Amino acid sequence: MNRYEELSAFVGVVDHGGFSAAAERMGSAKSAVSRRVGDLEARLGVRLLNRTTRRLSLTDAGRVLHERALRILADWEEAEQMVSADSTQLSGRLKVAAPLSFGIRYLGPVVAGFAKAHPDVQMEVDLGDREADLVEEGFDLAIRIGELADSTLVARRLNTVDMVCVASTAYLDTHDRPEAPEELNRHQGLRYTHAKRGATWRFRDRDGRVHQARPRTVLAANNGDHIAQACEAGLGVAMLPLFIAHDGIRSGTLERVLTDYRLDAVGMYLVYPPGRYSSRRVQVFSGHMADHFREKPPWEDCPGVKEGS
């Protein structure tokens, strides 16, 4: 029996979402992949995968084994690279999740630079604002912006993202410009549905005192660019990350409000499933990301962004 092949097949099926996709990626027959996973389950005496006509999912035993198998395979790959003739060459797949708006604006050149430097690494980037299950979906790491939920994920902070409160000039001319956060309660609000604080916006004045506002939600959306466009169209007031709002602020389609107050900044993180950071290609990519984003972010070069800070 070849336990390495069994583990590789099992991890491949989980990471790629099915036997056919795993077989294609591994350059093997679907029947061979299925047999290896079946042999693994038979040898262990437990079911690792729940199989239905529509999807596969991990059993509790499968989830435990998948997490450990990732570490084992990463360690094996690392050992092979360390003793190979060209130990500096990275290879293998690297699957990354990132927020949609951030990924479109800023991640492409970073990924391209890494891919050019390491041509034997197969990059796979998934852009979306949902919080993907990194273990279940086979991600090596993810970029997350905002408050991190308590979890078993390992996190590395890259930088900080300022939040700003904005509206269109036309909206403010019609509804008056608020002078205190509490006045936002009388305004129309555009809400990002993935925000951890929900519909409550928290501001701090120059003395550090906290003020809370809860605008009347007229639009909720799961993407910041959609909210920014509705805001520019005059629908209401929005709380947006600066990397989304800065284009509108520069062009004049968006106007900052409550500049004597500040919103709490949020962190930009790399997060990893347990065991994935031991992979050398994950470590090198993480260092590449940190080098790129540790300097002053490009979106901070925007008129008035530090007012009220």
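Residues numbered from 1 in each chain as written. Predicted model: local features only at pLDDT ≥ 70, side-chain atom pairs only at ≥ 80, totals over all residues. Heavy atoms only, no water.

### Description of the environment of alanine 9
Moving on, step 1. Inspection of the secondary structure assignment puts alanine 9 in helix H1 (residues 3-16).
Moving on, step 2. For alanine 9, the residues in contact, after removing those within four places along its chain, are Met26, Val33, Arg36 and Val37. (Helix = DSSP H or I, 4+ residues; strand = E, 2+ residues; numbered from the N terminus. Contact = heavy atoms within 4.5 Å.)

### Observations concerning the pattern of salt bridges
Moving on, step 1. Considering all chains together, one arrives at 14 salt bridges under this definition.
Moving on, step 2. The partner of aspartate 60 in a salt bridge is arginine 63, with the nearest N and O atoms 3.4 Å apart. Note that aspartate 60 and arginine 63 are positioned in helix H4 (residues 60-83) at a spacing of three residues, about one turn of the helix.
Moving on, step 3. What makes aspartate 60 exposed here is its relative accessible area of 61%.
Moving on, step 4. When salt bridges with common partners are traced through the structure, they connect Asp173, Arg177 and Glu255 into a single cluster. (Salt bridge = Lys/Arg side-chain N within 4 Å of Asp/Glu carboxyl O. Buried < 20%, exposed > 50% of the residue type's maximum accessible area, 1.4 Å probe, protein only.)

### Some thoughts on helix H9 (residues 280-293)
Moving on, step 1. Its 14 residues place the ends of H9 20 Å apart at the C-alpha level, agreeing with the 20 Å of an ideal helix rising 1.5 Å per residue.
Moving on, step 2. Within H9, the full set of buried residues consists of Arg281, Val282, Phe285, Ser286, Gly287, Met289, Ala290 and Phe293. (Expected span 1.5 Å × (residues − 1).)

### A word on the packing of H1 against helix H2 (residues 19-26)
Moving on, step 1. Running from amino to carboxyl end, H1 crosses H2 at an angle of 115°, the nearest separation of the two axes being 8 Å. Note that H1 runs across H2; the crossing there is right-handed. Contact residues: Ser8, Ala9, Gly12, Val13 and His16 in H1; Phe19, Ala21, Ala22, Arg25 and Met26 in H2.
Moving on, step 2. Class assignment of the residues belonging to the contact of H1 with H2 gives a composition of six nonpolar, three polar and one charged. (Axes fitted to C-alpha atoms, helices over the stretch in contact; angles between N-to-C directions. Left-handed = near helix turned anticlockwise from the far one by under 90°. Nonpolar A, V, L, I, M, F, W, Y, C, P; charged D, E, K, R; others polar.)

### A short note on the side chain of glutamate 41
Moving on, step 1. Within the secondary structure, glutamate 41 sits in helix H3 (residues 30-44).
Moving on, step 2. Its relative accessible area of 12% is what places glutamate 41 among the buried residues.

### Things to note about a nonpolar patch on the surface
Moving on, step 1. Together, Leu100, Ile104, Val125 and Leu127 line one region of the surface with nonpolar side chains, adding up to about 310 Å² of accessible area.
Moving on, step 2. Every element with two or more residues in the nonpolar patch is listed here: helix H5 (100-117) and strand E4 (121-127).
Moving on, step 3. With respect to the secondary-structure elements, leucine 100 resides in helix H5.
Moving on, step 4. The class for leucine 100 is partly exposed, based on a relative accessible area of 30%. (Patch = residues over 30% accessible without salt bridge, like charges linked within 9 Å, V, L, I, M, F, W, Y side chains within 5 Å. Areas by Shrake-Rupley, 256 points an atom, 1.4 Å probe, with all protein chains shown as cover.)

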